[in-house]
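# Structural features, examined
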Amino acid sequence: MDPALLREREAFKRRAMATPTVEKKAKTESSFTAPKDMKKPRPASAAPKIDATNYKTMTGSSQYRFGVLAKIVKHMRTRHQEGDDHPLTLDEILDETNQLDIGSSVKSWLQGEALRNNPKIELTPEGRYLFKSVFKIKDGKSLMRLLKQHDLKGLGGVLLDDVQESLPHCDKVLKNRASEIIFITRPNDKKKILFYNDRTANFQVDEDFQKLWRAVTVDAMDDAKIDEYLEKQGIRSMQDHGPKKPLLPKRKKLANKKRQFKKPRDNEHLADVLETYEDNTLTQSNAVQEIKQNN
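Within an unreviewed UniProt entry, the label attached to the chain reads Transcription initiation factor IIE subunit beta, and the organism entered is Anopheles stephensi. The UniProt entry for the chain carries the following comment under Sequence similarities (unreviewed entry): "Belongs to the TFIIE beta subunit family." Here is the UniProt Function (unreviewed entry) comment for the chain, exactly as written: "Recruits TFIIH to the initiation complex and stimulates the RNA polymerase II C-terminal domain kinase and DNA-dependent ATPase activities of TFIIH. Both TFIIH and TFIIE are required for promoter clearance by RNA polymerase."

Here you go:
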């Protein structure tokens, strides 16, 4: 190698060693790097604005539909209780309930399904609608007739809530007929029951008998003990009363019938041949027996 180049190289090293330098540290990379293909979250789209002018004409949810139906049923009940018993068309009902701005889909649902199948709405043959009450009563006379029928048939009383729903001007009628009706409060749910006040069943009970009746307690006695006590006292009039045990029906014995074997039907086309064969067999057997006897 050229000695001149070597000297220049050595001189360069000495100058480099004599010149002070500051080292720059490399930046440490973070341990987590987001993948390039990760999608950035999109901003949530704004909810659709509801216009106050057309929100009722929208198709809507089932909650809105049933809200319209509930308002109609409530209005029909109120007008029935006020004495308005003439039927209405769907447009007249919507007019009276201020719901003429409903959509066509909701209207067709009301007319074709909801009002037709509602248990509280009755459809007339003319295509009009009435409120369907529990009882068909219009005044005090029809109410008393209903209570008398329940009393005669042993059906019990009638709920006050059903009467208030069915009878127009119910409070006024009940006030005028208070002496002919008995009001009983049911202990389990505190609902009032109406009974017919049959005055022919009223009679005066002797005070001594009332004292004896109240003094006797049978809460801790069952039917068997009561029957035993009455039998000891010589009272037999209660034997035919009370629940009776159902008698089990006796099974009929099947008569022994001789089994009749049916002839096979497979050889019906050979019926004539079989009869001829049977006749020949009988003739031959008879002839053999006669020969044996003669011998």
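So, on to the overall build of the chain. The number of helices and strands found in the chain is ten helices and five strands. The buried share of the chain, reckoned over its 295 residues, is 18%. Put simply, of all contacts in the chain between residues at least 6 apart along the chain, 58% involve residues at least 24 apart. Summing over all exposed atoms, the chain offers an accessible surface of approximately 26,600 Å²; the carbon and sulfur share of this is 53%.

This brings us to the pattern of salt bridges. According to the stated counting rule, one finds nine salt bridges in the structure shown. Residues Arg77 and Glu165 are paired through a salt bridge, measuring 3.9 Å at the closest nitrogen-oxygen approach. On the criterion of sequence distance, the pair formed by Arg77 in helix α2 (residues 62-81) and Glu165 in helix α6 (residues 160-166) is long-range, its members being 88 residues apart. Across the pair Glu92 and Arg128 runs a salt bridge whose closest N-O atoms are separated by 3.6 Å. Of this pair, Glu92 sits in helix α3 (residues 90-96) while Arg128 sits in the loop between β1 (121-123) and β2 (129-131), placing them 36 residues apart in sequence.

Working definition: the strands of a sheet are paired by backbone hydrogen bonds and lie parallel or antiparallel to each other. Read from one edge to the other, the open sheet built from three strands follows the order β3-β5-β4, with strand pairing classed as antiparallel. Edge positions in the open sheet fall to β3 (158-159) and β4 (181-185), since each of these has one partner strand only. For β4 and strand β5 (residues 192-196), the ladder comprises five bridges, and the chain directions are antiparallel. Counterpart to Ile181 in the pairing with β5 is Tyr196. Lying on the sheet, helix α5 (residues 140-152) is in contact with β3, β4 and β5; it crosses β5 at an angle near 85°.

Take the packing of α2 against helix α4 (residues 104-117) next. α4 packs onto α2 with a crossing angle of 60° between their chain directions and a minimal axis gap of 11 Å. Relative to α4, the element α2 lies oblique. The handedness of the crossing between α2 and α4 is right-handed. Contacts between α2 and α4 involve Tyr64, Arg65, Phe66, Val68, Leu69 and Ile72 from the first element and Ser105, Val106, Trp109, Leu110, Ala114 and Leu115 from the second. Among the residues forming the contact of α2 with α4, the class breakdown is ten nonpolar, one polar and one charged.

Moving on: the side chain of Glu165. Glu165 gets classed as buried once you look at its relative accessible area, which sits at 14%. If near-sequence neighbours (up to four positions away) are discounted, Glu165 is found in contact with Arg77, His80, Gln81, Lys120, Phe131, Ser133 and Val134.

A word on the packing of aromatic side chains. When we look at a pair of aromatic rings, we describe it by the centre distance and by the angle of the planes. Here the structure, examined in full by the defined rule, presents two aromatic pairs. Between Phe66 and Trp109, the aromatic rings sit 5.4 Å apart at their centres with planes inclined by 80°, giving edge-to-face as the arrangement. Taken together, the positions of Phe66 in helix α2 and Trp109 in helix α4 put the pair 43 residues apart, joining distant regions of the chain. Given the relative accessible area of 12%, Trp109 is considered buried.

As a further point, take the confidence of the model for the chain. Averaged over the chain, the pLDDT score is 76; the fraction of residues at 70 or greater is 66%. Within the model, the stretch residues 44-59 combines pLDDT values under 50 with ten contacts to residues more than four positions away or in other chains.

Here the focus is the pairing of β5. The pairing of β3 with β5 spans two bridges and is classified as antiparallel. Bridged to Val158 within β5 is Leu194.

There is a patch of like negative charges on the surface, built from Glu82, Asp84, Asp85, Asp95 and Glu96. Position of Asp84 among the secondary structure elements: in the loop between α2 and α3. Judged by its relative accessible area of 33%, Asp84 is partly exposed.

Here we take up the nonpolar core. Grouped together as the largest cluster of nonpolar side chains are 18 residues, with contacts concentrated most on Leu69, Ile72, Met76, Leu110, Leu115 and Tyr129. Within the residue set of this core, elements represented by two or more residues are α2, α3, α4 and β2. Leaving out residues up to four positions away in the same chain, Met76 has contacts with Ile93, Ile121, Tyr129, Leu130 and Phe131. With 15 residues, the next largest nonpolar core counts Phe135, Leu146, Cys170 and Ile181 among its residues.

Cut-offs applied
- Residues numbered from 1 in each chain as written.
- Predicted model: local features only at pLDDT ≥ 70, side-chain atom pairs only at ≥ 80, totals over all residues.
- Heavy atoms only, no water.
- UniProt positions renumbered as here; feature names shortened; annotations may be inferred.
- Helix = DSSP H or I, 4+ residues; strand = E, 2+ residues; numbered from the N terminus.
- Buried < 20%, exposed > 50% of the residue type's maximum accessible area, 1.4 Å probe, protein only.
- Contact = heavy atoms within 4.5 Å.
- Areas by Shrake-Rupley, 256 points an atom, 1.4 Å probe, with all protein chains shown as cover.
- Salt bridge = Lys/Arg side-chain N within 4 Å of Asp/Glu carboxyl O.
- Pairing = 2+ DSSP bridges.
- Axes fitted to C-alpha atoms, helices over the stretch in contact; angles between N-to-C directions.
- Parallel < 35°, antiparallel > 145°, perpendicular 65-115°, else oblique.
- Left-handed = near helix turned anticlockwise from the far one by under 90°.
- Nonpolar A, V, L, I, M, F, W, Y, C, P; charged D, E, K, R; others polar.
- Phe/Tyr/Trp six-rings, centres within 6.5 Å; stacked < 30°, edge-to-face > 60°.
- pLDDT = per-residue confidence, 0-100.
- Patch = residues over 30% accessible without salt bridge, like charges linked within 9 Å, V, L, I, M, F, W, Y side chains within 5 Å.
- Lys, Arg positive; Asp, Glu negative; His and termini not counted.
- Charge placed at Lys NZ, Arg CZ, Asp CG, Glu CD.
- Core = buried A, V, L, I, M, F, W, Y, C linked by side-chain atoms within 4.5 Å.

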